[in-house]
Amino acid sequence: MRKFDADFYLLKAAMADLVERCGGQKRAADIVGLAQSTLSYVCQRDNPAMLSIAAKLMLERECGVPVVTKVEAELQGHRIEREGAPLCADTDGPFDAHAAVMIEVGDLCRTFSQAVGDGKYSRTDALTVGRDLADLRRAIERFERVNAATQAGGCA
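The shown structure was predicted, so the numbers you read here are calculated from the model rather than taken from an experiment. Positions within a chain are numbered from 1, following the residues in the order the chain's sequence is written. Since the coordinates come from a predicted model, pLDDT governs what is reported: local features require at least 70, and pairs of side-chain atoms require 80 or more to be given and counted, while whole-chain, interface and lining totals use all residues. Excluded from the side-chain calculations are hydrogens and water; all other atoms, namely the structure's heavy atoms, are used.

**Q** Which residues make up the overall build of the protein chain, and what values go with them?
**A** When helices and strands are tallied, the protein chain shows seven helices and zero strands. Strands here are runs of E lasting at least two residues and helices are runs of H or I lasting at least four, both read from the DSSP assignment and numbered beginning at the N terminus. When the elements of the protein chain are put in sequence order from the N terminus, they spell out α-α-α-α-α-α-α. Residue exposure (1.4 Å probe, protein chains only): buried if accessible area is under 20% of the type maximum, exposed if over 50%, otherwise partly exposed. Scored against the burial criterion, the 156 residues of the protein chain give a buried share of 33%. Nonlocal contacts in the protein chain, meaning residues at least 24 apart in sequence, comprise 67% of its contacts between residues at least 6 apart. Of the roughly 9600 Å² that the protein chain leaves accessible, carbon and sulfur atoms contribute 56%. Residue contacts are counted whenever heavy atoms from the two residues lie within 4.5 Å of one another. Working definition of accessibility: Shrake-Rupley area with a 1.4 Å probe, residue cover restricted to the visible protein chains.

Below is the structure:
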């Protein structure tokens, strides 16, 4: 069996996550116009099959999250930031800020679990986990601003 590097496994995990977020292999296959068996190869950890760029974009549009694109950017040392509404927007209250923290906690847990799945914690693993920690820190800081603004009776 062919050995792959950590980057390969990060991408494969992101693709499998993307497929699941879109409702599983059958639904994702319908969205991109591929056979379900093809999508099953994409989701298999040690199979070299990958999503095409067009399929990846269709699925990311469907679920509304750049799951694979985020991993690709991070592997190149970049970060994807969502352009959002101003802090005072109706959609950016304490519930949204809390949800963002919970999403980042989930991302951190997933990343860390994948990183230590082989029983080792490498420099690459630490860099990847560090990026998720920074994302979580920013989400917590945003939640603190929203909470402080609410305590003050106004907009942050």
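Text resumes after the structure shown.
**Q** Please provide a residue-by-residue account of the pattern of salt bridges, values included.
**A** Think of a salt bridge as a Lys or Arg side-chain nitrogen and an Asp or Glu carboxyl oxygen that are within 4 Å of each other. This model, assessed by the stated rule, comprises eight salt bridges. With a shortest N-O distance of 3.8 Å, Lys26 and Asp30 are connected by a salt bridge. Here Lys26 and its partner Asp30 are both found in helix 2 (residues 25–32), four residues apart, which amounts to about one turn of the helix. A relative accessible area of 54% places Lys26 in the exposed class. Between Arg27 and Glu62 there is a salt bridge, with the nearest N and O atoms lying 2.6 Å from each other.

**Q** I'd like a description of helix 5 (residues 67–75), backed by residues and values.
**A** Every buried residue belonging to helix 5 is among Val67, Val68, Lys70, Val71, Ala73 and Glu74, and all of these are buried. Next to the buried residues of helix 5 lie helix 1 (6–21), helix 4 (53–63), helix 6 (94–115) and helix 7 (123–152).

**Q** Break down the nonpolar core for me, citing the residues and quoting the values.
**A** The nonpolar core is taken to be a set of buried Ala, Val, Leu, Ile, Met, Phe, Trp, Tyr and Cys residues, with the residues joined through side-chain atoms within 4.5 Å. Ranked by internal contacts, the top residues of the largest apolar core, which has 18 residues, are Leu18, Ala28, Leu39, Leu51, Leu59 and Val68. For this core, the elements supplying multiple residues, two or more each, are helix 1, helix 2, helix 3 (36–43), helix 4 and helix 5. A per-element tally of this core places helix 1 first, with six residues. Counting six residues, the second-largest nonpolar core is a separate cluster that includes Val101, Leu108, Ala115 and Val129.

So, to be careful, I would describe these as geometric facts and stop short of saying anything about function.
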